[in-house]
Amino acid sequence: MELRILGPLEAIRPDGTEVDLGTPKQRAVLAMLATHPGRVVPVQRLIDELWADEPPERALASLQAYVSRVRRALEPGRSSRDRSALVVTRAPGYLLALPGVQVDAARLAAAVESYRPGDDPAALNAALALWRGDPLPELGDSPLAQAERARLQELRFTAIESRAEALLALGREAEVVYVGEAALAEFPYRERLWFQLILALYRTGRRADALAAYARARGLLIDDLGIEPGPALQRLESDILRDSPALGGPASPSGMPAPAPASAEVRAPERTGLVGRDRELAAVDRILDAPGGRILLVSGGAGIGKSALLREAAARAADRGYAVGTGSGVEGPRPPVFLPWAQALRGIARSADEGAVVGAFAPYGNLPAVLDPALAEVLPLPAPERLADAELARSRLYRGIVDGLVRLSAAVPLLLILDDAHLLDDPSTTLLTLCARAVTESRITLAVGFRAAGAPDAVAGLAGEAHAVHLRLEALTAADVATLAARTTTTPVAAETVGVLMDRTGGNPFFVEELLQVLVAEHALDAEAARRHVPAKVQEVLRRRLARLPEQSQAVLAVAAVLGREFDVPVLREMTRIDELELYDTLDTAVATGILAATDDPGRLRFAHDLLRQAAYLDQGPLRRARLHARAAQAVRRTGGSATAMAAHLRPALAVVAPLEVAPVFAAAAGEAYERTAHAEAASLLAEALAVLLGAPQSQERDVLELDLRVRLAYVHQATADYLAAPVAEQYDLMEPVLRRVRPVPQIVPALWGYASYHTAAGNPGRVADMAPPGAEEPWARIVADVHAGYAAMAAADLAGARRLFDAALAALPGTGLPVFPIIGWDPIAGILGPAAATESLMGDPAAAEAHLRAARSRRGEPFQEMYVSYYSAIVAADRLDPAAVEAAAAATLELAERGGHPEYRGMARVLLGWARADEPVLALGEEELGSTLWRYPRLLPLRPALLLALGRRAEAAALATERLATPLDGLNRFAEPDLRRILGEATGDRGQLTTALRLARALGHVPAAERAEAALAAY
């Protein structure tokens, strides 16, 4: 079966007959599937494309009917019981299971992607012959159709350009002239086609026609777009004027074409956009041509030309077949984490073969999408396993990214460019360092641009690597400035003016170019004008350049400058409230004048350089900037942006936004960071939110919000460190006076519960009773009081009292209004059922204990809660000496603890797992991880001595039991004493210890321990 979408949709059977595809809707369904052969097209996307305005009530049923008819048309012999082999149902939609070669668009793409300089153009000719007209007419003007048509047109013209390149290399210039003129009639702005046409005209002896074609191209670009031809076309004209040998020469008088130059010369003539950098460019060429990996360091001051040199390196690498990715550091107090690497990986993914990229990262899943979520749609890889442990997740991320790049470089050489590396965030710097160490074992060239004065030691230290080349860019000489001036304008520049430019700029290429653009715009290239009109600082130069724009353009750019170097147009529109078409017209003006530049994302633009943004930004007063940042935060929210992005704007808007509005956004941003396992960032954001909030006058609203922030911060520390750690204690201490004065409302329950749990674990039940007294009016306050009084009763060996209090708390639960515990997403009802189950187990009622655990398990929630319930399940199973049940529950606890980064639960799980599996090293490791914390868990204390006894290591069991009995066992720890004495008695044959164990167990009401002591005595 062959599907043709490069024109009206056709399906051709192997015998050459055409399939009747039925109604327009059926044809549209198949067309959408054919645009992504072998990939799932979601049901919702199909519905959205079929019924763009308003889907009918039974849209899904209609879609299923269309799919069924398409299947019958394509596979007429298939019975209703057989699954379709062509249109396959696969969540969340449908997949066209044809090999790519059977779709004409895929054949065109394959021909373009497989073409290499020097190849015969026959394959491209065959692929271009597949084009029958405008593709996908069945889809109308839907967004999918427009995007696909644009993609397919781009493929077609890339094929045309590649074919022209191949023809030039074969000396078939006349064909290039024919196809070039026809192609330019459709797409007149493609400079590569103009280049090939002009070169072909020159080589066929039509020098005047070649220059006339250049004039046509230049006139078209200036008149329609307001831009000059690019450097390649300009250089081509210059080479034609001087009959440069690099062009291959015009045809000989006999009419025979001159020998074609090497294809690389035809495809990318020598670039001369950089002035005064011959030595550096030669070094770049040597590095790119050398085998193996290298590090290229480019340092210098602002505007010295680092970025320009790196862009030239990227172009030269692309000419040599490298896959190239470029990222850049971002200025600011809190630069986005990993943004430069996300940009670079995006470039690599787009310039390398998709299959090679997928194969390189397959062992790790779609780690590139962790840094750049857009790559989740580009790379068909499963999401990597989610780990909440910040260190473990970050370590895996570093290792996977570096190893994936090394593996990819085996298929294609890579050029990774990190510009403005002095602005890299710390994680990006770490990843840079690790990648630098790996280049020697790969085909990765790592190019790093930075300002030496502000570079971190890790960046500057790369110069010490044996395989590093460090290019320190210096200012241009006067002769270089003269050359640059001559290339910037067609008007001759006097030597005196050049001297002034050199004097005012110090030979900084960026400053020279900016000054020249102002002078050219003002038609004043004399020395006096340079002295009089050009300000001393580049900010003034840029201010004058911005001032030449229409007033609305200036106003829009001032707002855009607040959004950052790169910004989302929808957010800008939300801020300015300008009509969409009017806004794009305004932005087009800024793009045409070089203030803004397009990005790979059509919904995003960027300032041509950040100094331009700074000029527009700083030209506004601080109060106006603050108000614009506040408006930007609201625009981000209304356009569906993240709390993290909102927080970035609220930070500089604190002067004009109320703290009570700012703090919740910072808290939400902290939640996003916690979800990304960036626990340190979450803690930092919460601390920042508290600092902002405490600037507000004291009120009930502020108190409630302060408690929320402090308990979030405490939970972050407890989840990743010791439950009673000093930072945790600090938050609960600061919380106490607020809890005393705030009116009891449901919103404070998480803080009250956290305070009570902390002080109960710390052995301060009096403070809990004082803060949450029994009989409190607020229902949840009473529940908190009863639960933690139950803990206190257990510590006092009053199991009956503990049971009564836990039962009272469960009975008092309101039907609605369950408090939401932030950060960890914990269910307080499970927090009652767990200790209630442990109490029933101690009292010898395993059925009641299991009933509580079943109820807790039914309340499935966040991973932390599942870990909590699994731990209690393991403890109860250990009471009844059920190793299999203990192993299952402890293994689940350990997995969740490792994923979530909870070291305390990890240690407890290992103790239980080691006992259940009779694996003393694992148990010992768990105890080592817990350290002194082990003594807060009396049910764990006897397990290691018990295991040693079971393994026949009686002397060791007796010694360890004796050691633990030597420590005073009070509070909850007294429940460990009966088993420790029983183990000691069994290990030493001391009946007195067994008798004491039974007496203590009965006194405590510890029924399982009493039963074990009775059995030991019976066997004595």
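Predicted model only: the values in this text are computed from it and were never measured.

### Here we look at the overall build of the chain
The number of helices and strands found in the chain is 50 helices and 13 strands. A principal-axis box enclosing the C-alpha atoms of the chain has dimensions of 120 × 80 × 60 Å. Counting across all 1020 residues of the chain, residues that qualify as buried make up 51%. Long-range pairs, those at least 24 residues apart, make up 66% of the contacts in the chain between residues at least 6 apart in sequence. When the accessible surface of the chain is split by element, carbon and sulfur atoms take 54% of a total near 44,000 Å². Looking at the chain, you have 108 positive and 127 negative side-chain charges, and the mean spots of the two groups are 1 Å apart.

### Notes on the environment of Ala169
Secondary-structure assignment places Ala169 in helix 6 (residues 143-169). Expressed as a C-alpha distance, the spacing of Ala169 and Pro117, which sit 52 residues apart in the sequence, is 8.4 Å.

### So, unusual backbone geometry
For Arg577, which is not glycine, the phi torsion reads 55 degrees and is therefore positive. Structurally, Arg577 can be placed in the loop between helix 27 (569-576) and helix 28 (580-592). Residue classification places Arg577 among the exposed positions, given a relative accessible area of 59%. Within the chain, Ala797 stands out as a residue other than glycine whose phi angle is a positive 65 degrees. Along the polypeptide, Ala797 turns up in the loop between helix 38 (779-795) and helix 39 (799-811).

### Considerations on the sheet that holds strand 4 (residues 87-90)
Reading across the sheet, the three strands line up as 3-5-4 and stay open at both edges, with antiparallel pairing between neighbours. Single-partner strands in this sheet number two, and they are strand 3 (40-42) and strand 4. Looking at each pair of strands side by side, their axes are set apart by 35 degrees on average, direction ignored. Relative to strand 5 (residues 93-96), strand 4 runs antiparallel, the two sharing four bridges.

### Describing the layout of surface pockets
Computed from the structure, the second largest pocket encloses a volume of approximately 1,200 Å³. Ala761, Tyr791, Tyr872, Arg936 and Tyr937 are the residues nearest the centre of the second largest pocket, which is lined by 44 residues in total. Of all elements in the fold, only helix 34 (700-720), helix 36 (749-761), helix 38, helix 40 (828-842), helix 42 (863-879) and helix 44 (903-916) reach the threshold of two or more residues within the lining of the second largest pocket. Considering only residue class, the lining of the second largest pocket consists of 30 nonpolar, ten polar and four charged.

### Observations regarding the pattern of salt bridges
Applying the stated criterion across every chain yields a total of 49 salt bridges. Of the charged contacts, one joins Arg638 and Glu574 as a salt bridge, the two residues approaching to 2.5 Å between their closest N and O atoms. In this pair, Arg638 sits in helix 30 (residues 622-638) while Glu574 sits in helix 27, placing the two residues 64 residues apart along the sequence. Residue Arg638 is classed as partly exposed on the basis of its relative accessible area, which comes to 38%.

### Side note on empty space enclosed by the protein
Under the counting rule described, the total for this entry stands at one cavity of 30 Å³ or more. Of the voids in this model, the largest cavity is the one considered here, and its volume is about 30 Å³. For the largest cavity, the full set of lining residues is Val704, Leu707, Asp708, Val711, Gln747, Ile748, Pro750 and Ala751. Where the lining of the largest cavity is concerned, the elements lending two or more residues are helix 34 and helix 36. No other element matches the four residues that helix 34 contributes to the lining of the largest cavity.

### Brief notes about helix 9 (residues 207-225)
With 19 residues, helix 9 should reach 27 Å at 1.5 Å per residue; the first-to-last C-alpha distance of 27 Å fits that figure. Buried positions along helix 9 lie against helix 8 (191-203) and helix 10 (231-241). Positioned one or two residues after helix 9, Gly226 has a phi angle of 75 degrees, which is positive.

### Re the nonpolar core
By size, the foremost hydrophobic cluster in this structure holds 97 residues, and its most contacted members are Tyr732, Trp753, Tyr871, Leu912 and Leu940. Examining the composition of this core, we find that eleven residues originate from one element, helix 42, more than from any other. Each residue touching Tyr732, except ones within four places of it in the same chain, is listed here: Val711, Ala714, Tyr715, Gln718, Gly754, Tyr755 and Tyr758. The next biggest cluster of nonpolar side chains, apart from the first, holds 78 residues, and it includes Ile47, Tyr66, Leu139 and Ala200.

### Concerning helix 40
Taking 1.5 Å of rise per residue, the 15 residues of helix 40 would be expected to cover 21 Å, and the 22 Å separating its terminal C-alpha atoms lies within 8% of that figure. One or two residues past the end of helix 40 sits Gly844, with phi positive at roughly 85 degrees.

### Brief notes about the sheet that holds strand 13 (residues 604-607)
Taken together, three strands build an open sheet; the order of strands is 11-13-12 and the sheet is antiparallel. This sheet does not close on itself; its edge strands, each paired only once, are strand 11 (566-568) and strand 12 (596-598). Between one strand axis and the next, the sheet turns by 35 degrees as a mean value, whatever way the strands run. Examined bridge by bridge, strand 12 and strand 13 share three bridges and lie antiparallel to one another. Bridged to Leu596 within strand 13 is Phe607. Strand contacts of helix 26 (residues 551-563): strand 11, strand 12 and strand 13, with the helix running at about 105 degrees to strand 11, the strand carrying the most contacts.

### What about a nonpolar patch on the surface?
A cluster of nonpolar side chains, contributed by Tyr189, Leu225 and Ile227, occupies part of the molecular surface with about 240 Å² of accessible area. Summarising the element assignment, Leu225 is placed in helix 9. Taking the relative accessible area as the measure of exposure, Leu225 reaches 36% and is therefore partly exposed.

### A few points about the pairing of strand 9 (residues 444-450)
Burial within strand 9 is extensive, with seven of its seven residues counted as buried. Of the two faces of strand 9, the one lined by Ile444, Leu446, Val448 and Phe450 and the one lined by Thr445, Ala447 and Gly449 are each fully buried. Pairing of strand 6 (residues 294-299) with strand 9 involves six bridges; the strand directions are parallel. If you follow Leu296 over to strand 9, its bridge partner there is Ala447. With five bridges joining them, strand 8 (residues 414-419) and strand 9 adopt parallel strand pairing. By the bridge assignment, Leu415 is partnered in strand 9 with Thr445.

### Observations concerning the packing of helix 48 (residues 977-988) against helix 49 (residues 991-1004)
At a minimum axis separation of 8 Å, helix 48 and helix 49 run at an interaxial angle of 165 degrees. For the element pair helix 48 / helix 49, the angle class is roughly antiparallel. The chirality of how helix 48 crosses helix 49 is left-handed. Of the residues in helix 49, those touching helix 48 at Glu977, Pro978, Arg981, Arg982, Leu984, Gly985 and Glu986 are Gln993, Leu994, Thr996, Ala997, Leu1000, Ala1001 and Leu1004. The class makeup of the residues in the contact of helix 48 with helix 49 is seven nonpolar, three polar and four charged.

Parameters and conventions
Residues numbered from 1 in each chain as written. Predicted model: local features only at pLDDT ≥ 70, side-chain atom pairs only at ≥ 80, totals over all residues. Heavy atoms only, no water. Helix = DSSP H or I, 4+ residues; strand = E, 2+ residues; numbered from the N terminus. Buried < 20%, exposed > 50% of the residue type's maximum accessible area, 1.4 Å probe, protein only. Contact = heavy atoms within 4.5 Å. Areas by Shrake-Rupley, 256 points an atom, 1.4 Å probe, with all protein chains shown as cover. Lys, Arg positive; Asp, Glu negative; His and termini not counted. Charge placed at Lys NZ, Arg CZ, Asp CG, Glu CD. Pairing = 2+ DSSP bridges. Axes fitted to C-alpha atoms, helices over the stretch in contact; angles between N-to-C directions. 1 Å grid on protein atoms, 1.4 Å probe; cavity = no way out; pocket = protein on both sides within 12 Å on 5 of 7 lines; lining within 4 Å. Points joined across faces, edges and corners; volume = space filled by probe spheres on them. Nonpolar A, V, L, I, M, F, W, Y, C, P; charged D, E, K, R; others polar. Salt bridge = Lys/Arg side-chain N within 4 Å of Asp/Glu carboxyl O. Expected span 1.5 Å × (residues − 1). Core = buried A, V, L, I, M, F, W, Y, C linked by side-chain atoms within 4.5 Å. Patch = residues over 30% accessible without salt bridge, like charges linked within 9 Å, V, L, I, M, F, W, Y side chains within 5 Å. Parallel < 35°, antiparallel > 145°, perpendicular 65-115°, else oblique. Left-handed = near helix turned anticlockwise from the far one by under 90°.

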